[in-house]
Amino acid sequence: MNFLRKYNLKKRWKRIKRTLVTFTICILLALIAGAGLPISQMVQSLLTTPGSVEVLEENSSTEEETDSVQTSLLEQIRSSGKSLSVSLEKNYVCGTETVILGDFTPEEIVALMMQHPGWTGYVEAGDELVVQETVDDLSPHCKENAYMSLDKEGNLTLFDGKPKEEKAIRTFFQLDIGSMETSLPAGVLEQLQDGIRVQDIEEYNSVLSTFGDYAVAPVGKIVE
């Protein structure tokens, strides 16, 4: 993973330099405005950041949907008036883990869900409640067994175990192998073909970020 860290340090430095340039421009524009000089509409439009507003709106929408789902679930549990066997399904970026929490009365379930506003869930088979939690991390199993490599079609793929075992978990995007061969340091492509171990979310994101630059098409929806 050393080459990935070095590569991403260079990318971070480029982003930092862009940020410093933007900051300097903002200072200059503030001085110009303070002096009463006009600022062109075009320059003002370049300094707006609609993307960040979109992200905030998207996050807000997601939170509202989660709240709505949880409210509906709690109403269903209250109206049933019976105890349920509760299990927690933890959905990781890579992997899923289920933990049996035990039997709970409707009041206890409501209290539990109120303590975890991000949880959603569903009632299964009438007497079992499965609550779901999204975790921005790799599951313990993935931390021990996950590899990033290429599938037979040249797609960047997450594998459970060595790539030669062909236990694909997730397919991300197709890679431009020719561009990688001419741009990346010697041996990097071979290492990817053999499989790169990812042991935590930082390494997982680092691999995606590094090889995302060589996606054949713009990186979009992940294929499960």
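Residues numbered from 1 in each chain as written. Predicted model: local features only at pLDDT ≥ 70, side-chain atom pairs only at ≥ 80, totals over all residues. Heavy atoms only, no water.

Further remarks concern the packing of aromatic side chains. Tallying each qualifying case throughout the model produces one aromatic pair. Ring plane angle 75° and centroid distance 6.1 Å describe the contact between Phe172 and Tyr204, whose orientation is recorded as edge-to-face. Taken together, the residues Phe172 in strand β7 (residues 168–174) and Tyr204 in helix α8 (residues 201–212) connect sequence positions 32 residues apart. Take Phe172 and Tyr204: they sit in the same class, and that class is buried. Just above the ring of Tyr147 sits the side chain of Arg197; from NZ or CZ to the centre is 5.5 Å. (Phe/Tyr/Trp six-rings, centres within 6.5 Å; stacked < 30°, edge-to-face > 60°. Helix = DSSP H or I, 4+ residues; strand = E, 2+ residues; numbered from the N terminus. Buried < 20%, exposed > 50% of the residue type's maximum accessible area, 1.4 Å probe, protein only. Lys NZ or Arg CZ within 6 Å of the ring centre and 35° of its normal.)

Further remarks concern the state of the cysteines. Tallying each qualifying case throughout the model produces one disulfide. Shown here is the disulfide that connects Cys94 with Cys142, its sulfur atoms set 2.0 Å apart. Here Cys94 and Cys142 share a disulfide; its torsion about the S-S bond, -70°, makes the bridge left-handed. Remark: Cys142 occurs in helix α5 (residues 140–145) and Cys94 occurs in strand β1 (residues 84–94); sequence separation between them is 48 residues. Cys142 carries the same exposure label as Cys94, and that label is buried. (Disulfide = S-S within 2.5 Å.)

Next up on the list: the sheet that holds β1. Strand order in this open sheet of four strands is β2-β1-β4-β3, and the pairing throughout is mixed. Two strands bound the open sheet, and with one partner strand each, they are β2 (96–104) and β3 (120–124). Going from strand to strand, the sheet's axes swing by 25° on average, the running direction of each strand aside. In the sheet, β3 pairs with strand β4 (residues 128–138) via five bridges, with the strands oriented antiparallel. By the bridge assignment for β4, Gly121 is matched with Val131. Helix-sheet contacts for helix α4 (residues 106–115) involve β1, β2, β3 and β4, and the interaxial angle to β2 is about 140°. Across the sheet, α8 lies against β1 and β4, angled at about 65° from β4, the strand it touches most. (Pairing = 2+ DSSP bridges. Axes fitted to C-alpha atoms, helices over the stretch in contact; angles between N-to-C directions. Contact = heavy atoms within 4.5 Å.)

With 26 residues, the main nonpolar core has Leu175, Tyr204 and Phe211 as its most contacted residues. Residue assignment for this core shows that the elements contributing at least two residues are β1, β5 (146–150), β6 (155–160), β7, α7 (188–194) and α8. It is α8 that provides the largest number of residues to this core, a total of five residues. Those residues in contact with Tyr204 that sit more than four places away from it in its chain are Val93, Leu138, Met148, Leu158, Arg170, Phe172 and Val198. With 14 residues, the next largest nonpolar core counts Val110, Met113, Trp119 and Leu129 among its residues. (Core = buried A, V, L, I, M, F, W, Y, C linked by side-chain atoms within 4.5 Å.)

An α-helical turn contains 3.6 residues, so a residue and the one three or four places further along point in the same direction. By the burial criterion, the buried members of α4 are Pro106, Ile109, Val110, Leu112 and Met113. Down the axis, α4 shows its buried residues gathered within 165° of arc, on one side only. Residues of α4 that are exposed and point over 90 degrees away from its buried face: Glu107, Met114 and Gln115. (Arc of directions from axis to C-beta.)

Phi angles above zero are rare outside glycine, and Glu166 is one such case at about 60°. If you trace the backbone, Glu166 turns up in the loop between β6 and β7. Here Glu166 falls in the exposed class, since its relative accessible area comes to 52%.

Structurally, Asn155 is set in strand β6. A relative accessible area of 16% places Asn155 in the buried class. There is a polar contact of 3.4 Å between the side chain of Asn155 and the backbone nitrogen of Gln174. When neighbours within four sequence positions are excluded, Asn155 is seen to be in contact with Ser149, Leu150, Thr171, Phe173 and Gln174. (Polar contact = N/O pair within 3.5 Å; in protein donor to acceptor, adjacent residues only side chain to side chain.)

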